[in-house]
Amino acid sequence: MNNSINSSILDKQYERLRSDVAKQDVYKEFARNANSIAPLENKAYLLKSRNPVSSVIIGAADNVKDVVELGKALATGKSNDNQLGRFNDLGLKLGGLGIASYLATRRGTKTKGVMEFLGFGAFFASMAMWPRLLISTPLKMRYGFDIRQEYVNAQGAKKRLYLDNQFIPDLYSDEEIDKVADKMGIDKSIPDYRQLTKEKMRVIALQGNTLWMLTAGFSPLLTSMICNLGERGVTKYIVNSQYKKVLSEVNGMENAIANRVKANPNFDADVRKGLNAMLDDRIAEPDKNFYTNVSASLDPFRHMIAGNDPDDLNLVTGLTSNTGKIKKRLQNDFNTLKSADNTSGLLDYDAILDRFKNTKMTIGSDDLQCADSWDNMDIYKSLKAQLEPLVEGAENKARTIGLSDFMEAYKNAIDGRDDKQIKDIVKGFIQETSVDNKASSKVVEDFCKSIKEIYNRDTRAISSQINGIEEFINSVVGQKYESAYTTLHLDSLNAFFENINPTKQELKIMRNSPDGAKRYLVDKLSIIAENDERYGKLISDVTTRQADLESRTIDKVIARAQEGANNLIKKAFDNIPDDSPLAFYKKEVGKLGEEAAANRRPLYERVISLFMEEKSAGIKATGHRYILAADLEKRIQSGELEQYWKELGGNLDFTKEVVPICRKIIYDSTMSDLSNKFYLSENGEEAVKIIKLLFGDSRTVNYQTGNPLYGLSKSTISNCNEKLLESLRATRNNIYNIYAQTLDHARQGHNLAGGISKCQKTQYSMVGESVSELVMETASQKFNDKTWLKVFGGIGIGVLAITLLAQTFFGKAKHEHLYTKKDAQGGVDANK
Amino acid sequence: MQAASQKNLPNIPENAYYKQTSPKKELSSTSDEIIKRTPLTGARVVADKLVNDIFVYAPKGMKGSRNSNFYEFLSLGLVPNIIGSGMLIALFNAANKSYRNPDRTFASIPGRKMAFGVGFYALGKWLGSKLIDKGVQATTGVDLGMLYRKVVTELPEHKGDKDLTAVEYHKVFESADFPRWDLLYKYGEKHGNRYLWQDKIAKKMGFREPLNCPDDLVHEKVKGVIIKSSAAKAISSSLWAALGVALAAQVPFETRITSENTKGFNKVTSGLRSMAVTLKDSFVDLYNGNNFKFKRGAKIVGRTLIFAALASTVLGVFNAARGFKVGKNQPDTQIDTRKEYEVH
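Because the structure is predicted, anything quoted here is derived from the model rather than measured.

The rules behind these values
- Residues numbered from 1 in each chain as written.
- Chains lettered and ligands numbered in written order.
- Predicted model: local features only at pLDDT ≥ 70, side-chain atom pairs only at ≥ 80, totals over all residues.
- Helix = DSSP H or I, 4+ residues; strand = E, 2+ residues; numbered from the N terminus.
- Contact = placed C-beta atoms within 7 Å.
- Nonpolar A, V, L, I, M, F, W, Y, C, P; charged D, E, K, R; others polar.
- Pairing = 2+ DSSP bridges.
- pLDDT = per-residue confidence, 0-100.
- Core = buried A, V, L, I, M, F, W, Y, C linked by C-beta atoms within 7 Å.
- Buried ≥ 20, exposed ≤ 12 C-beta atoms within 10 Å, placed from the backbone.
- Axes fitted to C-alpha atoms, helices over the stretch in contact; angles between N-to-C directions.
- Left-handed = near helix turned anticlockwise from the far one by under 90°.

### Looking at the overall build of chain A
A tally of helices and strands in chain A yields 36 helices and 5 strands. Of the contacts made within chain A by residues no fewer than 6 positions apart, 74% connect residues no fewer than 24 positions apart.

### Quick look at the interface of chain B and chain A
Frequently, the measure chosen for interface size is the accessible area removed from exposure when the parts meet. Taken residue by residue, the interface counts 60 residues in chain B and 57 residues in chain A. The set of elements that each furnish at least two residues to the side of chain B that touches chain A consists of α1 (2–5), α3 (41–63), α4 (70–76), α5 (78–93), α9 (214–248) and α11 (295–321) of chain B. No other element matches α9(B), which puts 15 residues into the side of chain B that touches chain A. When its residues are assigned to classes, the side of chain B that touches chain A shows 37 nonpolar, 17 polar and 6 charged.

### Focus: the sheet that holds strand β2 (residues 150–152) of chain A
Residue and element names in this part refer to chain A. The strand order across the open sheet built from 3 strands is β1-β2-β3, with neighbouring strands paired in antiparallel fashion. A strand with exactly one partner marks an edge of an open sheet, and here the two such strands are β1 (45–46) and β3 (158–160). With 3 bridges connecting them, β2 and β3 associate as antiparallel partners. Bridging across to β3, glutamate 150 finds its partner in arginine 160.

### Let's talk about the pairing of strand β2 (residues 147–153) of chain B
All names here are of chain B. Taken together, the 2 bridges between strand β1 (residues 33–34) and β2 define a ladder with antiparallel strand orientation. Paired with isoleucine 34 across the strands is tyrosine 148, a residue of β2. Note that β2 and strand β3 (residues 165–171) share 7 bridges and pair antiparallel. Each bridged residue has a counterpart across the sheet, and for tyrosine 148 the counterpart in β3 is histidine 170.

### Things to note about the confidence of the model for chain A
Residues and elements named next belong to chain A. Of the residues in chain A, 58% reach a pLDDT of 70 or more, and the chain-wide mean stands at 72. Contacts from residues 368–374, a stretch scored under 50 in pLDDT, to residues over four places away or in other chains number 6 contacts. Across residues 589–600, confidence stays below pLDDT 50; counting only partners more than four residues off in sequence or on other chains, it has 11 contacts.

### Some remarks on the nonpolar core
The biggest cluster of nonpolar side chains holds 91 residues, and the ones touching the most others in it are A:Ile204, B:Val136, B:Ala231, B:Ala242, B:Leu243, B:Val245 and B:Ala246. Among the elements that make up this core, the one with the highest residue count is α9(B) (18 residues). Sequence-distant contacts of B:Leu243, defined by excluding residues within four places in its chain, comprise B:Gly124, B:Leu305, B:Ile306 and B:Ala309. Formed by 51 residues, the second largest nonpolar core is a distinct cluster that contains A:Leu525, A:Ala630, A:Leu641 and A:Val771.

### Remarks on the packing of helix α6 (residues 101–140) of chain B against α11(B)
Residues and elements named next belong to chain B. The contact between α6 and α11 brings their axes to 9 Å, and the two run at 35°. Two packed elements cross with a definite hand, and for α6 against α11 that hand is right-handed. Contacts between α6 and α11 involve Gly128, Leu131, Ile132, Gly135, Val136, Thr139 and Thr140 from the first element and Thr313, Gly316, Val317, Ala320 and Ala321 from the second. The class makeup of the residues in the contact of α6 with α11 is 6 nonpolar, 6 polar and no charged.

Printed below as a string of structure tokens:
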């Protein structure tokens, strides 16, 4: 078919129609009634604006609906353009979710994982928020209508009213149009003011949509700003939730650890192996190492002294006496076992050896050399007589000991050789005696069994609790990246930086070297120290947050964990039967939980508390270091330091020599600097005074003058958070101790610096990070943040401003006169 | 006028369609036509859209022109895509050069990953839909990317406005509701057979003989193919894009793609080789979940992503072609399809 054929058919049809019309007058009738025939009722309607909550719920429901529709479309191949467009959005979300969940798996820490999701969420949020927040909302406030208004069409599909500039359904009621006209200030006296209003609305919507397209690309800016702002919130949230989690975990630690007791299947084999190797079951006498090793295995605190770290060993020296107690008990137990009925046939090796030794000591060397017949020797006779009763029924079979054998044994005894050779000889001596091998084996077997039982029932119960506690504390309060500890520490560091408030240019210098950071910090802190108010604010800001960190997190968690650990161990001790070799631990129970001086507390409690202290010492001390730096500047500025130096009778020039050394120690010292002490080595006797000057006890009073010689500045003490003073003092005393030890003025356990006696590991942890390095790293971080914000904050604000400013030019419709004036014929001139 | 001569009857309005003036006819939709595609046609269309976005569509939209249409709005979508990609890359890279050195090096690692991530996202999205297009074309013969040039007649904006046409580039099958069958007829007529395209598709469907009235049957099937493949593309291209991002997130992309210190063409090839090695290593890492803290999780998600992307393509093509072909044993019909019928 082609058009000409088509048209000829139609022409014929029209011809027929015309004649029909002429005949029946139908057309006339139609023309007459034209105005009374109404168009079909409009089924489309505008969606009402919803509150955010229901719009989220409906949005989610729509997504579900889209998934269902997607399934239908894929299965049947029936759908429509609108729906296909929605599938595309669905795909975008799916892809985004895929990306985010993948990236979430590769993040090591919670914040990063959450940020990845927040970043993804923020990206979509900003994509959705950009047009709403910056375009449609201001326009709505100005004109009273939403350019993102949605409607439901006759087919039930949701669409945006102003999506297609050339197809805008006429769905607003006259009242609504009137309201918009009022807002726009349109003169309602003009004939077609509603048409004009609608035209203006169209123009505004189109302009808004175009502006959206032009600026939406900058929404990642908004995303990253949201993320940057969000990061603080998220960090705070995570710190808080982590802290709560830590506390709840610590609260539940008894339950978590209580059921951890597990038998060690290797233990039995190990003990047996050791026992067999060292035990001659014919003699049924283990050598000395056996008792030492087994008692060490049975000691639940054994793993603490098993390490090679001399500091650990130092810390737990007291524990070895417990092993000794167990050893003694085991020996007694074994002897009791031997003397029981069924082991009467056994040789008492100890007795034999003792007799032998005693006898041999009575033989003089002269006697030995001139002896012609050993059998006739009194000494031999007497020895034999003594040994014979010990070997029951051995008399008949007893072999006389040979000359050479005896000679050998004697020599060994004289030379102080080891017991093994003597034992061999004795073994030879009693070779032929009738020893009940079976009974001997049984003794060994029983002994093994009882050791195993004690191990699994008592030792394992306690040591697995201790292991559990250690693991638990490590996992909960260990110095992990972004643990509640480290993040709270940042809180006080940030307060410090807010107070010294470096400019970007200063940050740029500080970030490059510790020296630069120190130079800046010295200058800045001296300036702050001159002003009491500023200094007071700095100290109180920083110390308040530091105290918060220490009291809120560290100390509370530690106290609770200590309590939990005590409960657990107490329970484990309670379960030890009274006849167990470990029963002496039960005596310790009474002391549990009592307020006692640090070194009076039960040993294991001290061990655990030091273990936990070590965990937090570094973080605490790092915070103390910059407080001490500020304090040093205040003491220099106020003259307190110089006064003290004079009191100490120092010979070095204060300004030229002492101050630089003091600053070096306070600002720059790292742990290794402290252990080398190289700043002080060249200053000989003066070194002691410098240490006293810096870290001397804050309660020292100069009795000659009556002035209190504060280790800290008066101003620091009056502004410092009360809770932190003691903690600061501990840090200072600790550093004093480290110096003092090498200078031979105080040794471990000496109380010159306030009675702190820690193992060296904790001592060095308690030094913290050096101020200059910490400030350098932080300055770099802050410089980067500022640079980033400067670059993108500028662009962001620029784009925001343009987006908002552009809207002031919106809504100027063309040909406004078309709606206002009509010519004589009631028409308008479109070309004007 | 027959009607006018009759008494007491108003004039029947003229049929607008048949009484067109010749210039109007020229401007009408009849001048739309399918364009021949070369490998660079797609790029040319994108370039055309981009230039128009900046110099025509955006100014028109900002002025509130009545002639701004939906095509222009959609074309403007290129702008946020390009700005947004640049923005994402810039956010992670632009400030890095002012950091001190160790920080700069550390900051450049996520920066490089982000740049590759953005690139691979776009590449994945393009590839995902391209693979389905090609697959559907191979199995059904329907070229979903078939382009036509549309001439739009605009309203005059001001007095004496003479240039009232604008050219747009559309896809023949971009609308599932209204595919441009007319253009296919027109294309066929140009080549002497109105049903040229439909015959081709019917043959692909498995009809041994050309059908008498192929559009009847073919159009319905093609609509199904359009809908099913569009739905599949929406999912598949996003999955491929996600896969691209995941690849760029791998450790091998943390180090620079370097080329050996040669000059000219060798430098390019060695750079490409280095890129290929990095890609391969990344793929292996993604597949095995290497270098991640939660190795097991990364392995599961990584493999899921790889297989989901591949499966979405294969199943998408398979599903689109499902039910498209007629059985090989076509029953002998009672109707002789070759017989001509008269229209009464």
